[in-house]
Amino acid sequence: MPRNAIHTDSAPAAIGPYSQATRAGNTVFFSGQIPLDPASGELVGAGDVAAQARRAFENLKAVCEAAGGTMDDIVRVGLYLTDLSQFGAVNAVMGEYFAQPYPARSTIEVSALPKGAAFEVDAVMVLG
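Described below are features of the structure shown in this document. Since we're looking at a predicted model, the values are computed, not measured.

Rules of the game
Residues numbered from 1 in each chain as written. Predicted model: local features only at pLDDT ≥ 70, side-chain atom pairs only at ≥ 80, totals over all residues. Heavy atoms only, no water. Pairing = 2+ DSSP bridges. Helix = DSSP H or I, 4+ residues; strand = E, 2+ residues; numbered from the N terminus. Axes fitted to C-alpha atoms, helices over the stretch in contact; angles between N-to-C directions. Contact = heavy atoms within 4.5 Å. Phe/Tyr/Trp six-rings, centres within 6.5 Å; stacked < 30°, edge-to-face > 60°. Buried < 20%, exposed > 50% of the residue type's maximum accessible area, 1.4 Å probe, protein only.

Structural notes on the sheet that holds strand E4 (residues 74-81)
- Taken together, the 6 strands give an open sheet; going across it, the order is E1-E2-E3-E6-E4-E5, and neighbouring strands pair in mixed fashion. Among the strands making up the open sheet, the edge pair consists of strand E1 (3-6) and strand E5 (104-109). Put simply, the sheet's adjacent strands are angled 15° from each other on average, direction ignored.
- Bridge count between strand E3 (residues 27-33) and strand E6 (residues 119-126): 5 bridges; the pairing is antiparallel. Along E6, the bridge assignment pairs phenylalanine 29 with valine 124.
- Contacts from helix H2 (residues 87-97) reach E4, E5 and E6 within the one sheet, and its direction differs from that of E4 by about 150°.

In structure tokens:
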């Protein structure tokens, strides 16, 4: 099955040898999105995990739309936080982007994220 790279200028460019997302059949696999401003490439919301989560979800939404889907087509998300005590704030922001039935989710505390981010999200979407 062929793989097709997904790219949009409305989300930050990949900062390594990977695609923003890859489509295989009707399934789209998203690379992690951190809270980078797509225009400047700079980290946003330093010290404010809710602002960082909102920017990362906006980046995810932009790639989702570039792949031909909506956030309602996402079936799984992975959340990565450098401080799990901030889970409540991130959970509230996630509620702004998803409606029932919610996607499956994992939440993992990590020691560090690229560019000093406090939050990262990745996802899987099924189209059609």
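Now, onward.
Side note on the packing of aromatic side chains
- Tallying each qualifying case throughout the model produces 3 aromatic pairs.
- With a centroid separation of 5.3 Å and 20° between ring planes, the pair formed by phenylalanine 57 and tyrosine 97 is classed as stacked. Taken together, the positions of phenylalanine 57 in helix H1 (residues 49-66) and tyrosine 97 in helix H2 put the pair 40 residues apart, joining distant regions of the chain. A single burial state applies to phenylalanine 57 and to tyrosine 97, both of which are buried.

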